[in-house]
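Letter by letter, the chains look like this.
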Amino acid sequence: MSVTQVKIVLSGGPAELALANRSVDASALENTLKIRHGAGYEHFVHGGEFQAVDGCDIAVFRWSHRTKIAE
């Protein structure tokens, strides 16, 4: 079984996270994307928005909140 990868862009949150080129499994569009950053996690959600870049639709994940790593 093949997993479809979808290109994404991050909106909001730490600026350095938005600079990376990212892809996720298509099933991730329905979930919160959790990215480890420093001593915590940045959470991003996809609200159904896509952005056209070079003729391709790219899913936009917007920053929702940050959580700290439990010690």
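Just above sits the structure.
This section reports on the structure supplied with the text. Remember, it's a predicted structure, so these values are computed and weren't measured experimentally.

### Regarding the overall build of the chain
Item 1. Across its full length, the chain holds 1 helix and 5 strands.
Item 2. N-terminal to C-terminal, the α/β element order of the chain is β-α-β-β-β-β.
Item 3. In terms of overall dimensions, the chain has C-alpha extents of about 40 × 30 × 20 Å along its principal axes.
Item 4. Going through the 71 residues of the chain one by one, you find that 28% of them count as buried.

### As for the nonpolar core
Item 1. In terms of nonpolar packing, the biggest core is built from 12 residues, these being V6, I8, L10, L17, V24, A28, L29, L33, I35, F44, A59 and F61.
Item 2. Taken together, the elements giving at least two residues each to this core come down to β1 (5-11), β3 (33-37) and β5 (56-68).
Item 3. The element that contributes the greatest number of residues to this core is β1, accounting for 3 residues.
Item 4. The residues touching L29, leaving out its near neighbours within four places in the chain, are V6, H46, F50, A59 and F61.

### Brief notes about the environment of S11
Item 1. Secondary-structure assignment places S11 in strand β1.
Item 2. Along the backbone, S11 and C56 are 45 residues apart, and their C-alpha atoms lie at a distance of 18 Å.
Item 3. Every residue in contact with S11, bar those within four places of it in the chain, is listed here: F44, V60, F61, R62 and W63.
Item 4. Looking at S11, its side chain comes within polar contact range of the side chain of R62, at 2.7 Å.

The rules behind each value
- Residues numbered from 1 in each chain as written.
- Predicted model: local features only at pLDDT ≥ 70, side-chain atom pairs only at ≥ 80, totals over all residues.
- Heavy atoms only, no water.
- Helix = DSSP H or I, 4+ residues; strand = E, 2+ residues; numbered from the N terminus.
- Buried < 20%, exposed > 50% of the residue type's maximum accessible area, 1.4 Å probe, protein only.
- Core = buried A, V, L, I, M, F, W, Y, C linked by side-chain atoms within 4.5 Å.
- Contact = heavy atoms within 4.5 Å.
- Polar contact = N/O pair within 3.5 Å; in protein donor to acceptor, adjacent residues only side chain to side chain.

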